[in-house]
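Examining the three-dimensional arrangement
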Amino acid sequence: MIDPMSPNPTDSLIERLASELKPTARSAVSRFICLGLMAGACVSALAVLWLWGVRPDMPAALSTGALWLKESFVVALAGAGIFAMIGLARPDGTAGGPAWIAIGAACVMALLAVLELAGAPPAVWKTLMMGKTWATCPWLILALAVPVLIGSICAMRSMAPTRLRLAGAACGLASGALSALVYSVACDESAVAFVFIWYGGAIVLATLAGAWLGPRVLRW
Amino acid sequence: MQQVEERLKTLMVQSLAGDERAYRSLLDDVARQLRGYYGRRLRERAAIDDLVQETLIAVHSRRATYDSGRPFTAWLHAIARYKLIDYLRSNKLRETVTLDDAPEAQLASPVTESELAHQDLDTVLEEVSPLQKSLIKAVKVEGRSIAEVASSSGLSQSAVKVTVHRALKKLSQRFGRGQTHD
C-alpha cells in the first residue's frame, strides 16, 4: 500500500541531492585530469632522479636537434593523450582530433627515422635502431608509466566516460608518453630510429594496457 | 524539443553556479524525462524506478562533466543510455531495446504495455527448448490446465509439470535475480 503522506522515493532523493549542491567550476574536468597525471608523473620523476639522475651530457645535448625532436615526439603524444582523456571524460565526448594528432606525430617520426637510416651507411643501421639500451628502455618506460596510469585512471573514475575502452586507451597513451618524457631526462639515446621504435613501442604497449583496463576499472 | 533543451540548459548552468532552487526543478524535470526514456524501453516498474534514481545520482555526482558550451539534453541522454546498457548487461538481458530515440521523438508517447510485454516474452522464451517453450505458453500464458495440456501433447501430467518447472527454473537463473514465483 502506498502511504499518501510519505513522499515518493524519487522526490526524497531529489530533495537530498539538491541539499548537497555545491558550486562547480567550469574547468573541473581538465583540472582534475591534469592533477591525476601530475601526481603520477611526479612519482615517476622522483624514481628516475633517484635511480639514474639526469644524463651527464645534458648541457651539451640541450643544443642538439636530436634532443628536441625526441622531446617534441613524446610531448605531442602526451598532449594527444591528455586531450583525448578530457574529451572522453564526458559522457557524450569524442576524441577524433587527438587521435589524429597522435597518428600524425607517429607518421612524422617514422618518416624522419627512415630519412635518417637512408642517409647513413648500412653498417650503422643496427646501432641507430638498437642503440645501447634497446633491451631495457621500453620496459623502464612501461614501469614508469604505472604510477601515471594509476593517477590517470583515478581521475577518470570520477568522470563520466561512456566509451570505457577508448577512455582507458587515452589514459594509457597519456601515461606512456608522460613516462617517456620523464625517462628521456636520464636516457642519452638520440637516434630518431631508436626513439621511434622503442619509445614509440613502449607508448603503444601502455596504450594497449589502458584499453584492456578501461572496461574493467572505469565502470560507474 | 528546442524549448526543453533551452529550459534544462539554463537550469543546469544556474545549478552549476550553486543555485539550489534551479537545481531542484532541474532534477524534477530530468526525473520526468528519464521516466519516459526508461518507461519506453523496460516493462518492470521496479527496474524503471531503480534506473531513474541511479541516473539522477549519476547526474548529480558527475555534473562537473557537463560542458555548458554543449547541449544539455545530449549530455543527459548519453548518461541515461550508458546506465541502460549497464543495466541490460549486468542482468544479462539481450539488447533488444532501441537505445537511441530520434531526437525529436524523445518525448513521444510511450508504446503500449502489452506490445512490449509480448516482444519481451518471445525474446525470453528463445532461451528454452521448443517443447519447453510450447508448454510454458500453453500453461502459463494461455492458462490451460495441466491435464488438458497433458492429453493434447501426449505426455503424462507429471512430465508436463516437471518440464514447465525446469524451464521456469532455467529462465529465472538466466534472467531473474531470485524472483521465482512458481
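Residues numbered from 1 in each chain as written. Chains lettered and ligands numbered in written order. Predicted model: local features only at pLDDT ≥ 70, side-chain atom pairs only at ≥ 80, totals over all residues.

Re the overall build of chain A
A tally of regular secondary structure across chain A gives 9 helices and 0 strands. When the helices and strands of chain A are placed in sequence order, the string is α-α-α-α-α-α-α-α-α. Considered along the principal axes of its C-alpha atoms, chain A spans approximately 90 × 35 × 30 Å. In chain A, buried positions account for 44% of the 220 residues. Considering only contacts in chain A between residues 6 or more positions apart, those separated by 24 or more positions represent 86%. (Helix = DSSP H or I, 4+ residues; strand = E, 2+ residues; numbered from the N terminus. Buried ≥ 20, exposed ≤ 12 C-beta atoms within 10 Å, placed from the backbone. Contact = placed C-beta atoms within 7 Å.)

Looking at the overall build of chain B
The helix and strand inventory of chain B stands at 8 helices and 0 strands. Listing each helix as α and each strand as β along chain B from the N terminus yields α-α-α-α-α-α-α-α. The buried share of chain B, taken over its 182 residues, is 24%. Sequence separation of 24 or more characterises 56% of the internal contacts of chain B that already satisfy a separation of 6 or more.

Looking at the interface of chain A and chain B
The partner chain B presents 26 residues to the 20 residues of chain A that form the contact. Taken together, the elements giving at least two residues each to the side of chain A that touches chain B come down to helix 1 (9–19) and helix 2 (28–51) of chain A. Looking at the side of chain A that touches chain B element by element, the count peaks at 6 residues for helix 1 of chain A.

Regarding the nonpolar core
If you look at the biggest cluster of nonpolar residues, it comprises 93 residues, and the most contacted ones within it are L77, M85, I141, A170, L173, A174 and A177 of chain A. Top element by residues in this core is helix 8 (residues 164–183) of chain A. It accounts for 14 residues. Setting aside residues up to four positions removed in sequence, A177 of chain A forms contacts with V74, L77, A78, G81 and I203 of chain A. Within the second largest apolar cluster, 8 residues are counted, among which are V128, V139, V149 and A167 of chain B. (Core = buried A, V, L, I, M, F, W, Y, C linked by C-beta atoms within 7 Å.)

A word on the packing of helix 4 (residues 65–88) of chain A against helix 8 of chain A
All names here are of chain A. Close contact between helix 4 and helix 8 brings their axes to 8 Å; oriented N to C, the two are set at 150°. Our classification of the angle between helix 4 and helix 8 gives roughly antiparallel. As for how helix 4 packs across helix 8, the hand of that crossing is left-handed. Residues V74, V75, L77, A78, A80, G81, I82, A84, M85 and L88 of helix 4 pack against L166, A167, A170, C171, L173, A174, A177, L178, A180 and L181 of helix 8. (Axes fitted to C-alpha atoms, helices over the stretch in contact; angles between N-to-C directions. Parallel < 35°, antiparallel > 145°, perpendicular 65-115°, else oblique. Left-handed = near helix turned anticlockwise from the far one by under 90°.)

Focus: the packing of helix 1 of chain A against helix 3 (residues 45–61) of chain B
The interhelical angle for the contact between helix 1 of chain A and helix 3 of chain B, taken along N-to-C directions, is 5°, at an axis separation of 10 Å. Of the possible angle classes, the one that applies to helix 1 of chain A and helix 3 of chain B is roughly parallel. For the pair helix 1 of chain A and helix 3 of chain B, contact is made by P9, T10, L13, I14 and L17 of chain A and by D49, V52, Q53, L56 and H60 of chain B, respectively. The class makeup of the residues in the contact of helix 1 of chain A with helix 3 of chain B is 6 nonpolar, 3 polar and 1 charged. (Nonpolar A, V, L, I, M, F, W, Y, C, P; charged D, E, K, R; others polar.)

Observations concerning the environment of M38 of chain A
Residues and elements named next belong to chain A. As for its placement among the helices and strands, M38 is situated in helix 2. By C-beta crowding, M38 is classed as partly exposed, having 15 other C-beta atoms within 10 Å. Each C-alpha atom, one on M38 and one on W139, is 21 Å from the other, the two residues being 101 residues apart in sequence.

Notes on the confidence of the model for chain B
Residues and elements named next belong to chain B. Averaged over all residues, the pLDDT of chain B equals 79, while 76% of them reach at least 70. The secondary-structure element of chain B with the lowest mean pLDDT is helix 5 (residues 113–125), recorded at 59, while helix 2 (residues 20–39) shows the highest, at 94. Confidence drops under pLDDT 50 across residues 104–113; counting only partners more than four residues distant or on other chains, this segment forms 7 contacts. Contacts of residues 178–182 to residues separated by more than four positions or lying in other chains number 3 contacts, the stretch itself having pLDDT below 50. Scored by ipTM, the complex comes to 0.86, with pTM at 0.75. (pLDDT = per-residue confidence, 0-100.)

Notes on the confidence of the model for chain A
Per-residue confidence for chain A gives a mean pLDDT of 93; residues scoring 70 or more make up 97%. Helix 8 of chain A holds the highest mean pLDDT among the elements of chain A, 97, whereas helix 3 (residues 58–61) of chain A holds the lowest, 87.

Describing helix 3 of chain B
Taking 1.5 Å of rise per residue, 17 residues should cover 24 Å, and helix 3 of chain B covers 25 Å from first to last C-alpha, within 8% of that figure. Among the residues of helix 3 of chain B, those classed as buried are L51, V52, T55, L56 and V59 of chain B. Down the axis, helix 3 of chain B shows its buried residues gathered within 135° of arc, on one side only. Where helix 3 of chain B is buried, its residues contact helix 1 of chain A together with helix 2 and helix 4 (72–90) of chain B. (Expected span 1.5 Å × (residues − 1). Arc of directions from axis to C-beta.)

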